[in-house]
Amino acid sequence: MKSFSVEEITSLLKGEQIGLCKDIIYAPEQIENATKGNVTFIGNSKYAKLWENSNASVAIVYEGITILPEEGKAFIKVKNPDLAMAVLLEAFEPESPYFETDIHPTAVIDKTVTLGKGCKVGANSYVGKNVVLGDNVTIYPNVSIFDDTTIGNETVIWSGTVIRERTKIGSHCIFHVNVSIGADGFGYRPSPDGRGLVKIIHIGNVVIGNAVEIGANSCVDRGKFSSTILGDGCKIDNLVQIGHNSVLGRCCIMAGHSGLAGSVTLGDGVIIGGSASIKDHVTIHSGAKVGAGSGVIADIAAGKSVVGYPACDSREKMKQWVALRKLGRS
Amino acid sequence: MKSFSVEEITSLLKGEQIGLCKDIIYAPEQIENATKGNVTFIGNSKYAKLWENSNASVAIVYEGITILPEEGKAFIKVKNPDLAMAVLLEAFEPESPYFETDIHPTAVIDKTVTLGKGCKVGANSYVGKNVVLGDNVTIYPNVSIFDDTTIGNETVIWSGTVIRERTKIGSHCIFHVNVSIGADGFGYRPSPDGRGLVKIIHIGNVVIGNAVEIGANSCVDRGKFSSTILGDGCKIDNLVQIGHNSVLGRCCIMAGHSGLAGSVTLGDGVIIGGSASIKDHVTIHSGAKVGAGSGVIADIAAGKSVVGYPACDSREKMKQWVALRKLGRS
Amino acid sequence: MKSFSVEEITSLLKGEQIGLCKDIIYAPEQIENATKGNVTFIGNSKYAKLWENSNASVAIVYEGITILPEEGKAFIKVKNPDLAMAVLLEAFEPESPYFETDIHPTAVIDKTVTLGKGCKVGANSYVGKNVVLGDNVTIYPNVSIFDDTTIGNETVIWSGTVIRERTKIGSHCIFHVNVSIGADGFGYRPSPDGRGLVKIIHIGNVVIGNAVEIGANSCVDRGKFSSTILGDGCKIDNLVQIGHNSVLGRCCIMAGHSGLAGSVTLGDGVIIGGSASIKDHVTIHSGAKVGAGSGVIADIAAGKSVVGYPACDSREKMKQWVALRKLGRS
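Residues numbered from 1 in each chain as written. Chains lettered and ligands numbered in written order. Predicted model: local features only at pLDDT ≥ 70, side-chain atom pairs only at ≥ 80, totals over all residues. Heavy atoms only, no water.

**Looking at the pairing of strand β24 (residues 227-230) of chain C**
Residues and elements named next belong to chain C.
So, point 1. Across 4 bridges, the pairing between strand β21 (residues 205-208) and β24 is parallel. Bridging across to β24, asparagine 205 finds its partner in serine 227.
So, point 2. Inspection of the sheet shows β24 paired to strand β27 (residues 247-248) by 2 bridges, in the parallel sense. Residue pairing for β27: isoleucine 229 is matched across the bridge by valine 247. (Pairing = 2+ DSSP bridges. Helix = DSSP H or I, 4+ residues; strand = E, 2+ residues; numbered from the N terminus.)

This is how it looks when you write it as structure tokens:
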């Protein structure tokens, strides 16, 4: 466990320290639960009221808030408490699980695999033919990576994740647990006798940029042909579905349970709220925002905010909701 | 396969047997499909009509329903047929998969792990540093458990489940297959140059009480700092998302595909319907019910029932739906 | 990588070739991205405009569209471009990952297992007691299959998938990665003291027909008693939930994130759109279609199309949406 003096934290945050506190600080904690040895956060006046009765040793306080110093406790004034919290979390970040040996003896690694410098492969993982791992790639236990996949430097793959053949993954990515990359897209055609369904073979792959993060139990299907593509810096939450041949630009955000049907295009910086669904072949242009729970069935212009099902302009939808509420009461 | 005489079943259910049947009863079955050797259930008059033509050997019947005895078939009158069914299912429950050896030789268990009495660890599972397993914990094959996690007595972890570092799990819990516990919460801040996203490090953990059940492919993210908490007796269905720093009280129920964004608070006995989503920082007080498919964007008072998106009082929402239906026809 | 001459492709598609092209064709590609050596598709006039500036070597063209031949490029007229694409994808389909040895030495296979001819079991997979695998079954690495399960000929199970006890699976099925079959259904009753929940034991199983495909991270729960049943030819997308005792007829389609609560009945050829949810005990009769994002709370007649929440006739729902939009603007 890492720990710091209050002076070290003040210096780290480039803040202004008020009051003195000799306690060793070993963890951040919410103000309601904080005790001796904790650093807490006061970002608005709601939390300021709790300071007097808090047992926290030290608080990070927005400079616009006035709190009084107390005996044996300190606070640190900062311009941007959100940024200060982020910096502090990095300082307190525990070590990742440690590998005794880089390549665990129970890992099954095909002899044709290329391993970069400092690669680690955990217990009982499988790495198939012609896979190329860049430098310092970490594969945790019980991962399966199939043939001809390439993974860039510093990327981390957590347990239970499966990466199918021919996937291309950039550097500095994080794949959380039980992620599914590159399974067949979902497509069928009626059988000639009209009585059944014939599978449409999907021969494409998945291409993922740099600094992409994919949440637990999320799925990215491979293209029918060509590729399903996630641009640099995309951040995908848990239980998200990305259908075959969808293309995401840079730094898109998709929240939990959201989904793209096949061949959806997202521009750069698109934000998709939780549980929102996007119809196949729709384009959502750069900077657009889709509210949680929405169903998008038509293209969205750049920068626009939509919500509801069928999704429309957020302000218009609010008016519809107000009108419906009135109607229900009349 | 277990089997019972009709008299044994009557005694088990403390019911009143009408008619005689010498068949050995080896399984419960729905009345439409039941054959000789099956016990079936008649909880209401809809099913009573099927009794005459049923081949079931014996039926459990609600005492308020009148059916006639038939040659070679019996029925057992009970006060509470739902409870009788539950008791009968326990009696017929098959053995769980059997372990030839408690610790399979292919399991990778760090030398620092503490194993309670009667612990079982299946083939190809991984248990990391300083993990503490209580007595009679069962870990099925292909599970991954990371450093400093503790698991209480009698808890069962099914295959494909991954539990990240520092998770605390109570006793008598069941984690179904492909569950993901303790992955990073989903949080980013704009990069200083305004052109990207910087990951906010999540250093907290997940704390799970006693008798908690978590369904297949469900996810519980760890806290940003402090903990994501599930109280005793919570029952979580499949494909559920529980975001970082959410706190659930005792005996909450979340149905399939439902989700809590970050920092949601549920009181005790809250019921969340299937596919419902709860916005971040919302509080749902004890005993409240959220209907299936709802989107909750504001706090819900104790005991209240809400439905729809945005969710509102269930009766009010019904009126809105009726009004909208009329409007569509006018 | 497979490759073909233009003449070979023409012959394969039984089309009419216009123009000559000597290039070796190694992959299909969308017209926007296609280069020398690619075959592309022109199914409608929107894409026909891109042909002139495309670098594709050859295009498959719907016979009703007029495009002009160009130097060094060819096109192939076909009656049904969708079918032609499907045929072409099959021709270009890459080999599946190759097994050096049929049964990997790290696979853990109980001595009571019955293996058909040509079965393959990948690294670190687990196959429990009395499991019966038909001929040419392929189990990829890191799969777990529990006791008394039977799997028919030619079925393929991808990595991370877990199949619980007593499941019956037909032939020619595909289970994609991280699928969960046969976990306990979700059912509880109030504890006698009224203060908690008691688990209802689920002793049933899952029965899956022939030619069924189940997408990544999808779940099928086992029956309370008797079985959860998927008929022949059902196609299930990613992240789908199928609750205990649901029964699906032949060739039903369920798109991503859709879900059936317990004891839902689907007839034959039912189509459930993405993110749609079906209430427990509802019957949806053959040929009915449920639109994406719908919430179905009552039975649906054969052949009917419904949408919305609560779901109603699609045309009626459209009128409601139009009326609501007007109302919001008034």
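**A look at the relation of the copies chain C and chain A**
So, point 1. For the pair chain C and chain A, the relating rotation is 120 degrees, the translation along its axis is 0.0 Å, and the fit reaches an RMSD of 0.1 Å. Here the symmetry operator amounts to a three-fold rotation axis.
So, point 2. The share of interface residues of chain C whose copies in chain A are also at the interface is only 19%, consistent with the copies meeting through different surfaces. (Least-squares fit on C-alpha atoms with pLDDT ≥ 70 in both. Contact = heavy atoms within 4.5 Å.)

**A closer look at the packing of helix α4 (residues 314-329) of chain B against helix α4 (residues 314-329) of chain C**
So, point 1. Running from amino to carboxyl end, α4 of chain B crosses α4 of chain C at an angle of 95 degrees, the nearest separation of the two axes being 8 Å. Judged on the interaxial angle alone, α4 of chain C and α4 of chain B are roughly perpendicular. For the pair formed by α4 of chain B and α4 of chain C, the contact residues are Leu324, Arg325, Leu327, Gly328 and Arg329 of chain B on the first element and Glu316, Lys319, Gln320, Ala323, Leu324 and Leu327 of chain C on the second.
So, point 2. By residue class, the composition of the contact of α4 of chain B with α4 of chain C is 5 nonpolar, 2 polar and 4 charged. (Axes fitted to C-alpha atoms, helices over the stretch in contact; angles between N-to-C directions. Parallel < 35°, antiparallel > 145°, perpendicular 65-115°, else oblique. Nonpolar A, V, L, I, M, F, W, Y, C, P; charged D, E, K, R; others polar.)

**Structural notes on the relation of the copies chain B and chain A**
So, point 1. In screw terms, the move from chain B to chain A is a rotation of 120 degrees and a rise of 0.0 Å along the axis, fitting with an RMSD of 0.1 Å.
So, point 2. Taken as a fraction of all interface residues of chain B, those also at the interface in chain A reach only 18%, which identifies the copy contact as different-surface.

**Some remarks on the UniProt feature "active site" (unreviewed entry) in chain A**
All names here are of chain A.
So, point 1. As annotated in UniProt, the feature "active site" (unreviewed entry) corresponds to His244 in the numbering used here.
So, point 2. Looking at where histidine 244 falls in the secondary structure, it is placed in the loop between β26 (241-242) and β27 (247-248).
So, point 3. Looking at histidine 244, the relative accessible area reads 13%, which means it is buried.
So, point 4. The residues contacting histidine 244, other than those within four sequence positions of it, are Gly185, Phe186, His202, Asp221, Arg222, Gly223, Lys224, Thr228, Gly262 and Ser263.
So, point 5. Side chain to side chain, histidine 244 and asparagine 245 meet in a polar contact 3.1 Å long. (UniProt positions renumbered as here; feature names shortened; annotations may be inferred. Buried < 20%, exposed > 50% of the residue type's maximum accessible area, 1.4 Å probe, protein only. Polar contact = N/O pair within 3.5 Å; in protein donor to acceptor, adjacent residues only side chain to side chain.)

**Observations regarding the interface of chain C and chain A**
So, point 1. Contacts between the two partners involve 54 residues from chain C and, on the opposite side, 55 residues from chain A.
So, point 2. For the pair chain C and chain A, the summed buried surface comes to about 4,400 Å²; carbon and sulfur atoms form 62% of the total.
So, point 3. Of all residues in chain C, Leu89, His257 and Leu324 of chain C bury the most surface against chain A, accounting for 12% of the area lost on that side.
So, point 4. Inspection of the chain C/chain A interface yields 5 salt bridges.
So, point 5. Note that lysine 129 of chain A is salt-bridged to glutamate 100 of chain C, the shortest N-O span being 2.8 Å.
So, point 6. The interface formed by chain C and chain A includes 21 residue pairs in polar contact (both at pLDDT 80 or more).
So, point 7. Elements represented by at least two residues in the side of chain C that touches chain A include exactly α3 (81-92), β25 (235-236), β28 (253-254) and α4 of chain C. (Buried area = accessible area lost by both parts, 1.4 Å probe. Salt bridge = Lys/Arg side-chain N within 4 Å of Asp/Glu carboxyl O.)

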